[in-house]
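What follows is each chain in one-letter form.
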Amino acid sequence: MKKQHFLLIIFLLLHGSFLPAQQYHIDGTVQNRQQEKLSRSTIVLQNISGKKNFISVVGDTSGYYRFENLSAGRYILTASHTGYVSAVSDTITVNIAASNYTWHFVLVEESATLKEITVKSKKQPVEIDKGKIIFNLQNMATTAGLTAFDALKKLPGITIDQEENILLRGSSGVNVLIDGKMTYLSGRQLSNFLKGISAEDLNKIELNLTPSAEYDAAGNTGIINIVPKKNLKKGYAVDIRSGISKGKYWMANENISVSHRSKKTSIYGSFDFKMPRYFWNSNSGNTIHKDGELITLQRQNLASGTPLYYSWRVGGEWQVLPKHRLGIDYNGYFDDWKSGNHSTIKSADGSGSLLSTIRSSNAIIEPYYYDALNLNYRIDIDSAGKKITAETHYVSYRNYSDGVLTTDVYNADESFAGSSLLRSHQPGFIKIKSAKADAELPFKKITIKTGLKYAEVNNDNQYRFDSLHNGMYTEMDSMSNHFKYKEGIAAAYISASEKFNKTSITAGLRWEYTKADGYTVKQDVSNHWKYGKLFPTLSIEQELNERDKMTFSVSRRINRPAYSELNPVRWYTDRYFYYSGNPDLVPEIAWILSTAYTLQRKYVFTITYNHSSNYINRKLTQDGSAVKTQAYNLGVMQRFDMMVSLPLQVTSFWEMQLMPVVSYMAYPISLLTGDKTLSKWFATLSAQQQFKLPANIKMDISTQCASASIRGVYITRSYFYTDIGFKRSFFSGKLDVQLSFSDILNTNVYRGVSQSDISNYYYRDKPDTRRVGFTLHYHFGSDLVKGNGKKTEEQERL
């Protein structure tokens, strides 16, 4: 019997050709050292066991590649991507032991000089990929002397309101990230923070309208991710940057950054000093009813500030064990903020005769202190990309605001009628603690991501106003307040990604439970919130051919009220107009749908729809002779955007990229007799032009224009502005010289008119945006290791 078995085996081995040949497959992914997938990489397969046959494929946009219908043998793979060093796999022995084999590549960036030649010249100013609109800033010549806040407000889809709140697609429900980490800041605190970051340190800004489940659900219009430049070559590096700019005032921007990187460790540190002075010339007016008479008010406000920003960062990363890395990052800043506002209010009767003039001066000293500490730990489970990360954050934010408002009243004949003095003291303290753990588990056909997070916020704000009477200060109880707020958010998520032939699908689900308590001390009023919500996400990408594809995505988002919107304290613009918080606000919930078509890998057509319930918007009410504005939940908001990205090669030295956007928006506003829906179609156009001039000089021209649109209770007027920049490198790229002209035609003006019959308020604001900037940037040693910018979401709503 044993002899028969042996003869059968010999027969099968000698006549194996009569059996059907087994087919094998090799697949995997291509990514860089930051775990970013490299789309459209080239992978070459070589059979080294027989004939030296070569087969090549191009990976898809997610970095995935696959070789099919292979025979048994020994193979070597080679992966290449523009701007990266090619990598070669180990020998892969394919035999009957398995039918599918996997090899994942991690590519290393080429030298800085090579990147300058191959990568930067090929990047479009604006790219659209996987639902993200990406604005590449690293090679633009118009960033000299600008801050991250300046760069942000120049992007299509982003606007800034009168209080310098950042609006994405017309809504303040936006989450701002630094290098993929939440900032936990909003409103003026966020604006101030971004003014302390130089635009010349930025690589790109990403607008993600439908984020996946791994991101916090906060932000009902999507998220903005500001990505700093990253250079990871080994060795030491020192960068020195010095810049000046001139508008109405002279400004300075100084930076020194140092780092050292070895195989197992990297350390870095930086120090920045900035002097982003500002000036606003604002004119506004409205009518009021006082003692049964119609009074016309005309205002002129001149606002100037002399802030001094000092920011610093230090950190490092250590490979404590093979596949184990520990990182620590500390970031702090001190904002020595001083400002002065001078306003004149003229009141007239129905016939236009002057009744009185009010001149006021408000001097404010408002230093800000910020400290953020991040600890992170990463375990790389295997070469396939499986990893577990854990992070903890601690953030302390303090500001001490002291101001003196002096008001002088004059009669119609300019005779002195009296004066008043109001002193303010508004200290604020915010502490944030958070911890999270995430796992990324790529398998042969599916990638799983899952994680947990908990964050806790404590906010303590005091507002005291004292009025001077007969040489004595007396507290004004109607304006003074003390507001405490505590919030805890627990979250868990899971998502799965899979590719079926030319179709990629990512589906996720995030759950967040929120518990919050607000307490107004003087009025002894408490508010409590408890709610848990699910946030599903879905993204589908269909490759039509090698150059065309379609994508569709949908996500559910939440816009929790900002802490300042819940605080019932009053902020007076003048005696006739003030803002008050609303502790009865509830979160705004939004669904965002987006679809895009990419033609020939460069022309992109995008349609986005947003539907928000419990829409948070400003509501106007009459309070005696004053107008009160307050945040309210006003119902449903709908927004539709259609955007086209058109890159054009005009000549061999002239490239252009046009981005027209057509939008429609509708939402309720308050009237004396109820609410009405305010709606409007409007359009914007962004044009980016790049010129290659003689002597290796690069010139960029950036133009933004917008038609009349709606914002809050206002219809805004059209506007446009143009920036021009020049850039030249010397000494093999070690020295960069930039010269830029912002708003060169001085046309950037913000205007609006109220559409509510509660108040016919109008405004015309002219900021100091026409500036010239000059920057020198010199680099010593190898490439710098930039700080990891670990930020979190609760800071977003400070």
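Each value, and the rule that gives it
Residues numbered from 1 in each chain as written. Predicted model: local features only at pLDDT ≥ 70, side-chain atom pairs only at ≥ 80, totals over all residues. Heavy atoms only, no water. Helix = DSSP H or I, 4+ residues; strand = E, 2+ residues; numbered from the N terminus. Buried < 20%, exposed > 50% of the residue type's maximum accessible area, 1.4 Å probe, protein only. Contact = heavy atoms within 4.5 Å. Areas by Shrake-Rupley, 256 points an atom, 1.4 Å probe, with all protein chains shown as cover. Patch = residues over 30% accessible without salt bridge, like charges linked within 9 Å, V, L, I, M, F, W, Y side chains within 5 Å. Salt bridge = Lys/Arg side-chain N within 4 Å of Asp/Glu carboxyl O. Lys, Arg positive; Asp, Glu negative; His and termini not counted. Charge placed at Lys NZ, Arg CZ, Asp CG, Glu CD. Pairing = 2+ DSSP bridges. Axes fitted to C-alpha atoms, helices over the stretch in contact; angles between N-to-C directions. Phe/Tyr/Trp six-rings, centres within 6.5 Å; stacked < 30°, edge-to-face > 60°. Lys NZ or Arg CZ within 6 Å of the ring centre and 35° of its normal. Polar contact = N/O pair within 3.5 Å; in protein donor to acceptor, adjacent residues only side chain to side chain. Core = buried A, V, L, I, M, F, W, Y, C linked by side-chain atoms within 4.5 Å. pLDDT = per-residue confidence, 0-100.

**Regarding the overall build of the protein**
Point 1. Along the backbone of the protein there are five helices and 53 strands.
Point 2. For the protein, the residues scored as buried account for 50% of the 798 residues in total.
Point 3. Nonlocal contacts in the protein, meaning residues at least 24 apart in sequence, comprise 66% of its contacts between residues at least 6 apart.
Point 4. Accessible surface, the protein: about 35,300 Å² in total, of which carbon and sulfur atoms supply 59%.

**Remarks on a positive patch on the surface**
Point 1. On the surface, K431, K433, K486, K515 and K530 cluster together into a positively charged patch.
Point 2. Following the sequence through the fold, K431 ends up in strand β30 (residues 416–442).
Point 3. Overall, K431 belongs to the partly exposed group, its relative accessible area being 46%.

**A look at the sheet that holds strand β37 (residues 570–574)**
Point 1. Within the open sheet, the four strands sit side by side as β37-β38-β42-β41. Their pairing is mixed. Either end of the sheet is taken by a strand with one partner, and the two such strands are β37 and β41 (616–623). The sheet shows a mean angle of 25 degrees between the axes of neighbouring strands, taken without regard to direction.
Point 2. Where β37 and strand β38 (residues 577–580) come together, four bridges link them in antiparallel fashion. Counterpart to Y572 in the pairing with β38 is Y578.

**A short note on the pairing of strand β44 (residues 654–671)**
Point 1. Here strand β43 (residues 637–651) runs beside β44; their pairing, made up of eleven bridges, is antiparallel. Within β44, the residue paired with T651 across the bridge is W654.
Point 2. Hairpin connection of β43 to β44: two residues between the antiparallel strands.
Point 3. By the bridge criterion, 18 bridges tie β44 to strand β45 (residues 674–693) in an arrangement that is antiparallel. Bridging across to β45, Y664 finds its partner in W681.

**Description of the packing of aromatic side chains**
Point 1. Using the criterion set out here, one finds 25 aromatic pairs in the structure.
Point 2. Note on W654 and F691: the rings are 5.3 Å apart at their centroids and 20 degrees apart in plane angle, and the pair reads as stacked. Here F691 lies in strand β45 and W654 lies in strand β44, a separation of 37 residues in the sequence.
Point 3. Among the residues examined, F691 registers a relative accessible area of 12% and is labelled buried.
Point 4. Among the aromatic residues, those joined into a cluster by ring pairs are F273, Y310, F334, Y369, Y400 and F429.
Point 5. Over the face of the ring belonging to Y249 we find R277, whose NZ or CZ atom lies 3.9 Å from the ring centre.
Point 6. Over the ring of Y410 we find R359; its NZ or CZ atom is 5.1 Å from the centre of that ring.

**So, the environment of N331**
Point 1. If you trace the backbone, N331 turns up in strand β25 (residues 324–336).
Point 2. For N331, a relative accessible area of 9% corresponds to the buried category.
Point 3. At 3.0 Å, the side chain of N331 and the backbone oxygen of W312 are in polar contact.

**A word on the environment of F653**
Point 1. Tracing the sequence through the fold places F653 in the loop between β43 and β44.
Point 2. For the pair formed by F653 and K698, sequence separation is 45 residues and the distance between their alpha carbons is 9.8 Å.
Point 3. Beyond its immediate stretch of four places on either side in the chain, F653 contacts Q690, F691 and K692.

**Here we look at unusual backbone geometry**
Point 1. Positive phi is not limited to glycine here, since K323 has a value of about 70 degrees.
Point 2. Here K323 shows up in the loop between β24 (308–321) and β25.
Point 3. Positive phi is not limited to glycine here, since D743 has a value of about 45 degrees.
Point 4. As for its position among the elements, D743 is in the loop between β50 (735–742) and β51 (750–754).

**Focus on a nonpolar patch on the surface**
Point 1. On the surface, I267, W318, V320, L321, L326, I328, L373, L375 and Y394 cluster together into a nonpolar patch covering about 720 Å² of accessible area.
Point 2. Taken together, the elements giving at least two residues each to the nonpolar patch come down to β24, β25 and β28 (368–380).
Point 3. A per-element tally of the nonpolar patch places β24 first, with three residues.
Point 4. Position of L373 relative to the elements: it lies in strand β28.
Point 5. Judged by its relative accessible area of 37%, L373 is partly exposed.

**What to know about the nonpolar core**
If you look at soluble globular proteins, the nonpolar side chains tend to sit buried side by side.
Point 1. I166, L194, I205 and I224 are the most contacted members of the largest nonpolar core, which totals 77 residues.
Point 2. In terms of nonpolar packing, the next biggest core, distinct from the first, is built from 19 residues, Y24, I26, Y75 and L77 among them.

**Focus: the confidence of the model for the protein**
Point 1. For the protein, per-residue confidence averages 83 on the pLDDT scale, and 89% of positions sit at 70 or higher.
Point 2. Contacts of residues 5–20 to residues separated by more than four positions or lying in other chains number zero contacts, the stretch itself having pLDDT below 50.

**Some remarks on the environment of L167**
Point 1. Locating L167 in the fold gives a position in strand β14 (residues 166–168).
Point 2. Judged by relative accessible area, which is 6%, L167 ranks as buried.
Point 3. With ten residues separating them along the chain, L167 and G157 place their C-alpha atoms 8.2 Å apart.

**Thoughts on the pairing of β25**
Point 1. Here 13 bridges tie β24 to β25, and the two strands are oriented antiparallel to one another. Bridge assignment links E317 to a residue of β25, and that residue is G327.
Point 2. As consecutive antiparallel partners, β24 and β25 are separated by two residues, and within that stretch K323 has a phi angle of approximately 70 degrees, a positive value.
Point 3. The pairing of β25 with β28 spans twelve bridges and is antiparallel. Bridged to Y330 within β28 is L373.

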